[in-house]
Every structure is written in C-alpha cells, then in structure tokens.
Amino acid sequence: QASRVTVLGLGDMGSAIAKTFIDRGHRTTVWNRTVSKALPMVDSGATAAASAAEAAAASPLVVVCLLDGAAVDEVLASVDAAVAGKVLVNLTSSSPHQARANDRWARERGATYLDGKIMGDPADVGTPQVMLSFSGSRKAIDVHGSTLGELGTVTYHGEEAGLAAIEFMAQVAMGYEILIGFLHTLRLVQAEGVDVAEFAERAASSVAALPPLLTSIGNAVKAGEYPPDLGPLNVQAALMDDMISHRESIGVEAVRMREVRDLMNRRIADGFGAQGFSSLFELLTKP
Ligand code: NDP
C-alpha cells in the first residue's frame, strides 16, 4: 500500500532506498546535505525539501541513511522537534550504543524509533538479496514493516534498540574473519602454483557444506558440550604442525594456523583431547 515516506541522506545507499520507494509508488520526500544529489530523485518523482526538518515533517515514516553516527547526530540535531509523532528509522551503519542513544533522543521528542542495519549492495536494494535487521519499536515494525520490506528481506530482532546493530556487527565481523582466512588460503594455493580463481571456484563448493557445521557448533557452544566435530582434537592437532611447517617452508604466513594449533594444544593439555574443534571456544576470552 502506497504511503508517504521521507529519506534523509542520498548517498549511494540512501539514493537506492529513495529510488525504490519512488518506484513502488510511495509519495517520497528527500533531503541531502549536498543539494544536487536530490535532483535525480526529483526527476524520478520525489519532492525535495529545503531542510532535513522540512523533509521529516512531510511524512509519518522518516528513513535516515547517512555516512556514520556523527552525521546522524548532526542531521537529527537540525530536525529536532519536527520528528514529533513520526516513526524514525535509522539505516546508518553504527554501534548498538548509537542506536540506544537515538532511541532516547526520539522518545524525548515524542517520536518512535526503529534502528535498522543493511547488508547488501545499493544496486540490489529492492530485492530479497538485501538483508535488513531491525530492532526497536514493535509497533513501528508492525505498521511499517511491509513498506520497509520493499527494500529487502526484513528480520526483526526485538524491542531493545541495540539488537540490530549487535547482529550487524557480528555478521560483518564474521565475514571478515572468514575472508581473511580465505586470503591466507589463496596465498598458500598461489605459492604452490595453483590457479587461484579456479581454486576459489572449488572452495565455493566446499563452503556450501558449512551451514550444518555452523549450526552444530552453535549448539555445542550453547550446551557447553563438545562432541568430536571434525574429529577429536588429538587427531586434528597432529595435522597442525605439518600445516604450519609446510607453509613456513614455502614462505607463506601461518599466523592463523598457529592460533588454531596453540588453542588445540592448550585444550589437549587441559585433558580435552577427545573433544572437537568447537571446544576451542572455551579458551576464547570471556567478557
Ligand atoms: P555515501 O558516502 O555514498 O553517502 C554518505 C551520505 O552521508 C551522503 O548523503 C552525505 O551527504 C551524508 N553525510 C555525511 N556526513 C554528513 C554530515 N555531517 N551531515 C549531513 N550529511 C552527511 O555512503 P552510502 O550511502 O554508501 O552509505 C550510507 C550508509 O549505508 C552507511 O552507514 C553505510 O555503512 C551503509 N551501507 C552502505 C553500503 C554500500 O555498499 N554503499 C552497504 C551497506 C550499508 P553529502 O552528499 O552532502 O556528502
């Protein structure tokens, strides 16, 4: 159902969001600090407001997508009381702390707050490939979830405003943790004269087998009981020294492998050699 929506911030992501709302028939009001970025949106059918406050006043749903938390603070300060009675949705990538501060800021001005985090490319906004995590007002997601769902696949994490940012930071961090391991692997493969692109294609098939393992590791960590996934540590550790010395012999960095081996050795020394890889979790620092 078409409705009025405001988008504050027309960078790559904000423009993709605004364009999607326009294309789906919403009466869209836009504002951007650099005025020229609003012109293509106006050509597509949006209304450009002269200020962020004027833009916020124009719609019941106000979506913010700016560079970072500092930009959000600056723009919201200029919006101030114009946000009263609105649902404010912040799709800027920032911390759980920032989400909670925005939530308080909105409440103090009689607005309802939803924090949202986007994973995906601007070019894919409007398709299910783009993942959007939300937290904050349940009523807001009930009322505006279908409009927000036009941007991508929506997951609502709960009323505590910081939850979406917690999820976002964990998911993004996991991507980096996995991908740095992949880069180390490509270095190894290349040092052996293997075509890295062809290897990457084969690796993609291997990675497709990982989801069940992630689920079983998650369950093992939650239960604090560690069956011998990937085999018992005693057996796995025997391979580690070979992997490390092989890498070192061909001049390839082995820092990640050493981390794994050291954790395995500590766990074995503590008497847990019959447990699986998931049991290394016990050695990672607790908060
Ligand atoms: P851009 O750099 O393209 O745009 C940044 C936007 O922030 C512009 O509208 C810019 O205005 C505005 N801005 C920056 N500082 C201020 C300020 N002090 N006051 C007012 N406006 C300000 O970034 P994106 O659109 O790509 O990213 C926006 C958000 O979306 C980020 O949090 C990003 O992490 C997130 N995101 C982006 C993805 C991507 O691939 N692009 C993917 C997933 C999330 P101006 O035009 O005047 O400079």
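Small disclaimer: the values here were computed from a predicted structure and weren't measured.

A.B. asks: When you look at unusual backbone geometry in this model, what are you seeing that I'm missing?
C.D. replies: Most peptide bonds are trans, and most residues other than glycine sit at a negative phi. The phi dihedral of D80 is positive, around 45°, even though this residue is not glycine. Even without a glycine there, the phi angle at L230 is positive, about 60°.

A.B. asks: Mind showing me how you'd approach the sheet that holds strand 5 (residues 87-90) here?
C.D. replies: Strand order across the open sheet formed by eight strands is 3-2-1-4-5-6-7-8, with mixed pairing between neighbours. Only two strands of the sheet have a single neighbouring strand rather than two, namely strand 3 (47-48) and strand 8 (153-156). Note: strand 5 against strand 6 (residues 112-119), four bridges, orientation parallel. From the neighbouring strand, V89 faces strand 6, where its bridge partner is L114. Packed on one face of the sheet, helix 1 (residues 12-23) meets strand 1 (4-8), strand 2 (27-31), strand 4 (61-64) and strand 6 and runs near 165° to strand 1. Each of strand 1, strand 4, strand 5, strand 6, strand 7 (131-136) and strand 8 is contacted by helix 6 (residues 138-148), which is oriented at about 40° to strand 6, the strand it contacts most.

A.B. asks: When you look at the site of the ligand in this model, what are you seeing that I'm missing?
C.D. replies: Within the structure, the ligand sits among 22 residues, and G11, R33, T34, A71 and S93 are positioned closest to it. In the shell around the ligand, the residues fall into nine nonpolar, seven polar and six charged.

A.B. asks: What's the story with helix 8 (residues 196-207) in this structure? I'm lost.
C.D. replies: One full turn of an α-helix is made of 3.6 residues, so residues set three or four places apart face in the same direction. With 12 residues, helix 8 should cover 16 Å at 1.5 Å per step; its first-to-last C-alpha distance of 16 Å lies within 8% of that length. Taking burial as the measure, the 12 residues of helix 8 include zero buried ones, a minor fraction of the element.

A.B. asks: Sorry if this is basic, but what is going on with the nonpolar core here?
C.D. replies: Considering soluble globular proteins, one finds that nonpolar side chains tend to be buried as a cluster. With 55 residues, the main nonpolar core has V7, I17, V62, V63, V64 and V89 as its most contacted residues. For this core, the element with the highest residue contribution is helix 1, accounting for six residues. Setting aside its immediate chain neighbours within four residues, V7 contacts G14, I17, A18, F21, T28, V30, V63 and C65. Counting residues in hydrophobic clusters, the runner-up holds five residues, among them L263, M264, F277 and L280.

Cut-offs used in this document
Residues numbered from 1 in each chain as written. Predicted model: local features only at pLDDT ≥ 70, side-chain atom pairs only at ≥ 80, totals over all residues. Pairing = 2+ DSSP bridges. Helix = DSSP H or I, 4+ residues; strand = E, 2+ residues; numbered from the N terminus. Contact = placed C-beta atoms within 7 Å. Axes fitted to C-alpha atoms, helices over the stretch in contact; angles between N-to-C directions. Near = placed C-beta within 6 Å. Nonpolar A, V, L, I, M, F, W, Y, C, P; charged D, E, K, R; others polar. Expected span 1.5 Å × (residues − 1). Buried ≥ 20, exposed ≤ 12 C-beta atoms within 10 Å, placed from the backbone. Core = buried A, V, L, I, M, F, W, Y, C linked by C-beta atoms within 7 Å.

Remember that the coordinates give geometry; whether it matters functionally is a separate question.
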